[in-house]
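# Examining the three-dimensional arrangement
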Amino acid sequence: MFDALSDRFDGIFKRLKGRGRLGDAEVDEVLREIRVALLEADVNIAVARGLVGRIRERCVGEELSRSLSPAQQVIKIVHEELIETLGGETMKVTFASKPPTVVLMAGLQGAGKTTTTAKLARWFKQQGRNPLLVGADLQRPAAVEQLRTLGSQIDVPVWSEPTDPVAVAEGGLAEARRLGRDVVIVDTAGRLAIDAEMMEQVRQISGAVDPHYTFLVIDAMTGQDAVSVAQAFHETLALDGVILTKLDGDARGGAALSVKEVVGRPIAFASTGEKIADFDQFHPDRLAGRILGMGDVLTLIEKAEEAFEKDEAEAAAARLLEGQFTLDDFLEQMQQLKKMGPLQGLMGMLPGVPKEVRDAEIDDREIARVEAIIRSMTIAERTDPDIVDGSRRTRIANGSGTSPNQVAQLLKQFKEVQSLMKRMGGGGMVPGRKKGKK
Ligand code: GDP
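A brief structural summary.

About the criteria used
Residues numbered from 1 in each chain as written. Predicted model: local features only at pLDDT ≥ 70, side-chain atom pairs only at ≥ 80, totals over all residues. Near = placed C-beta within 6 Å. Helix = DSSP H or I, 4+ residues; strand = E, 2+ residues; numbered from the N terminus. Nonpolar A, V, L, I, M, F, W, Y, C, P; charged D, E, K, R; others polar. Pairing = 2+ DSSP bridges. Contact = placed C-beta atoms within 7 Å. Axes fitted to C-alpha atoms, helices over the stretch in contact; angles between N-to-C directions. Core = buried A, V, L, I, M, F, W, Y, C linked by C-beta atoms within 7 Å. Buried ≥ 20, exposed ≤ 12 C-beta atoms within 10 Å, placed from the backbone. Domains from an automatic or database assignment.

### Examining the site of the ligand
- Every one of the 18 residues lining the ligand counts as a neighbour, but Gly 112, Lys 113, Thr 114, Thr 115 and Ser 271 are closest to it.
- A per-element tally of the shell around the ligand places helix H6 (residues 113-126) first, with 3 residues.
- Across the shell around the ligand, the residue classes break down as 1 nonpolar, 12 polar and 5 charged.

### Thoughts on the sheet that holds strand S4 (residues 183-188)
- Spatially, 8 strands are ordered S3-S2-S4-S1-S5-S6-S7-S8 in an open sheet, and the strand pairing comes out mixed. The outermost strands of the open sheet, each flanked by one partner alone, are strand S3 (158-159) and strand S8 (279-281).
- In this structure, strand S6 (residues 241-245) lies alongside strand S7 (residues 267-271), joined through 3 bridges in parallel fashion. Residue pairing in the sheet places Leu 244 in a bridge with Ala 270 of S7.
- Relative to the sheet, helix H8 (residues 165-179) contacts strand S1 (101-107), strand S2 (131-136), S3 and S4, its axis offset from that of S2 by approximately 165°.
- Against the sheet, helix H9 (residues 196-209) contacts S1, S2, S4 and strand S5 (213-219), and its axis sits at roughly 180° relative to S1.

### Comments concerning the environment of Val 52
- Looking at where Val 52 falls in the secondary structure, it is placed in helix H3 (residues 45-60).
- Considering only alpha carbons, one finds Val 52 and Leu 31, 21 residues apart in sequence, at a separation of 6.5 Å.

### Remarks on the nonpolar core
- Counting residues in hydrophobic clusters, the biggest one holds 92 residues, and the most contacted among them are Val 186, Val 242 and Leu 244.
- Of all the elements, helix H5 (residues 70-85) adds the most residues to this core, at 6 residues.
- In terms of domain composition, this core takes at least three residues from each of domain 1 (3-85) and domain 2 (101-291).
- Residues contacting Val 242, with those up to four places away along its chain left out, are Phe 215, Leu 216, Ile 218, Ala 230, Val 259, Val 263, Arg 265, Ile 267 and Ala 268.
- Within the second largest apolar cluster, 11 residues are counted, among which are Val 370, Ile 373, Ile 396 and Leu 411.

Here is the structure:
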């Protein structure tokens, strides 16, 4: 996700590190590089120009000259301006005082609308709501069936009937009132491209159910096309927000960085994979942090909370960041991480994890091997791995069905991670990271 842009910023900031005051020429050079990086990431030209302009204003202003470390100050300015470009604050979803809260879903076919509709229903459930899904996409033959399947996976009822889309939407609303469901999410038809008939249909549905929220689902992988689609929809439908899908496959990030400024509507939610759980509110500050390689501790902690008990998660995260990290923690973390899903995604969320580590292949067999090795160690050895000499290594290898070499390698890796955690916990390495969240 946004790898190219991340790498570019990484390079720019690395070269800035350790420099003293930046002269005008140097500032110009950095701004030029940032502009190129944004354009290569497929960011809308006007948006890139505006963003660089704002960064320039702050860089040449007092802010930079006063600061002790210009590099850090530049990173801070870029971070803040990226957050603004991504929409500023996380969008707040409020609920109708007289339920149900009605949500209308629109989008082109293939954008991920139907899947996202179910993901959103799951999100509402997590907020303690009782959603009803309404299948008003009568265009694509299998759409209602797909919605029913997804609905049963998340245990949310789906209502539809083979009449016409406007009648289905109205009927769905009545059904929600009858069942006492407090959120209604209406899935509407998509087309391969925007056409007049489709726009008219969704406009009529909107008129009939008077939604509190109208969300447009767009595919991040289609870049600026997605932004144009959003613009066209907004002209007809008055969107409240955009839901960006397939961010997991979006290496560039152009749509995410352009939508808010071009369309004037925020990104409300983001989808980052095919699984129903791969979905969350869109947090501009976290994404900006991730683009700048600052990691995303908050998302990590939230994911951890979903996977296991909150206290456990916070304690583990705190230990992790404080660098009090033992082999037993290491093993426990691995087991917890396994529950949280793909490791690769998680590594990108940790602050200060070097790129090489982030991109390293981690497979489940390796986790099993690590587990076997640690389990074959005595408590004394786990507490103080330095006592593991040649004969202990052989015993551990025999016990775990590995080789002494693999045991040595694991202990070496563990030491590296431990020292990395120590450095992270000590601060200094991660600009802008909030400390003290316990
Ligand atoms: P619709 O035609 O807009 O209703 O699209 P669907 O909901 O049927 O989704 C189209 C395809 O995109 C399906 O194969 C989904 O699994 C996939 N998809 C949806 N969202 C995501 C996402 O965030 N990441 C990835 N990788 N695939 C997604």
